[in-house]
Amino acid sequence: MSETTSATGAAGTRGRTTIADGVVEKIAGLAARDVVGVHAMGSGTSRAFGAMRDRVPGGGGPKAVSRGVKAEVGEVQTALDLEIVVDYGVSISDVARDVRENVVAAVERMTGLQVVEVNIAVSDVKLPDEEDESAPEPRIQ
């Protein structure tokens, strides 16, 4: 069944709104990073390349926010895949649950889309004495 809107309908119902995958990815990335126990987003390789890109003037920016997030956006629903690195000592299941809740709440509130699933892959654990590879030493001084 298709929905039609007459010319006499409310102004807010005339026309379509589309939301790009990247918009949902940014919202989800920020919401996931807000969760205690999430050390970083993305795999070690993507974080290392991202750190190099961030040091180049104009090379970082908005893409860094969505690193480790992939969204599929339809007309009324979205599905998300997240790759996270957790801090050592946290309960991975608790962190994953909190990330799901935070991401679903943020995406649904900001976009109006129904989040049908949030798949989380934990790619690494940040050990207390481990150097942060997302900020490698510069090769030149």
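What counts, and where the lines are drawn
Residues numbered from 1 in each chain as written. Predicted model: local features only at pLDDT ≥ 70, side-chain atom pairs only at ≥ 80, totals over all residues. Heavy atoms only, no water. Core = buried A, V, L, I, M, F, W, Y, C linked by side-chain atoms within 4.5 Å. Buried < 20%, exposed > 50% of the residue type's maximum accessible area, 1.4 Å probe, protein only. Helix = DSSP H or I, 4+ residues; strand = E, 2+ residues; numbered from the N terminus. Contact = heavy atoms within 4.5 Å. Lys, Arg positive; Asp, Glu negative; His and termini not counted. Salt bridge = Lys/Arg side-chain N within 4 Å of Asp/Glu carboxyl O. Expected span 1.5 Å × (residues − 1). Arc of directions from axis to C-beta.

Chemist: Mind showing me how you'd approach the nonpolar core here?
Modeler: Considering soluble globular proteins, one finds that nonpolar side chains tend to be buried as a cluster. With 24 residues, the main nonpolar core has L80, L82, V99, V103 and V107 as its most contacted residues. For this core, the secondary-structure elements that each account for two or more residues are α1 (21–33), β1 (38–41), β2 (69–73), β3 (77–87), α4 (92–111) and β4 (114–126). Those residues within four positions of L80 in sequence are excluded, and the remaining contacts are V24, A28, V69, K70, A71, V103, V107, V115, E117, V118 and N119.

Chemist: It is not clear to me how the environment of I84 should be interpreted in this structure. Could you clarify?
Modeler: Examined against the element boundaries, I84 turns out to sit in strand β3. It is 9.9 Å that separates the C-alpha atoms of I84 and G37, two residues lying 47 residues apart in sequence.

Chemist: Just checking my understanding: could you explain the side chain of E25 for this structure?
Modeler: Inspection of the secondary structure puts E25 in helix α1. Although buried, E25 forms no salt bridge, and the nearest oppositely charged side chain, K70, lies 4.1 Å from it. Contact partners of E25, with chain neighbours within four places excluded, come to S66, V69, K70 and A71.

Chemist: Is there a simple way to explain the pattern of salt bridges in this structure?
Modeler: Pairs can form between side chains of opposite charge once their charged atoms are near each other. Applying the stated criterion to the full structure yields 2 salt bridges. Taking the shortest distance from any N to any O, the salt bridge between D94 and R97 comes out at 3.2 Å. Residue D94 and its partner R97 are located together in helix α4, separated by 3 residues, close to a single helical turn. Taking the relative accessible area as the measure of exposure, D94 reaches 35% and is therefore partly exposed. A relative accessible area of 40% means that R97 is categorised as partly exposed. Measuring nitrogen to oxygen at the nearest pair gives 3.1 Å for the salt bridge that ties R97 to D98. Through salt bridges with shared partners, a single ionic network connects D94, R97 and D98.

Chemist: Help me understand the environment of S43, please; the structure alone is not making it clear to me.
Modeler: Considering the arrangement of structural elements, one finds S43 in the loop between β1 and α2 (44–55). You can call S43 partly exposed: its relative accessible area is 21%. For the pair formed by S43 and G68, sequence separation is 25 residues and the distance between their alpha carbons is 7.0 Å. Once you skip the residues sitting within four places of it in the chain, S43 turns out to touch E83 and S123.

Chemist: What exactly am I supposed to notice about α4 here?
Modeler: Structurally, the α-helix is built with 3.6 residues per turn, so residues lying three or four positions apart point the same way. The first and last C-alpha atoms of α4 sit 28 Å apart over 20 residues, in line with the 28 Å expected at 1.5 Å per residue. Residues of α4 that are buried include every one of V95, A96, V99, V103, A106, V107 and T111, and no others. Projected onto a plane normal to the axis of α4, the buried residues spread over an arc of 110° and lie on a single side. The exposed set on the far side of α4, more than 90 degrees from its buried face, consists of S93 and R109. Its buried side turned inward, α4 meets α1, β1, β3 and β4. One or two residues past the end of α4 sits G112, with phi positive at roughly 80°.

Without other data, these values stay purely geometric and don't point to any function.
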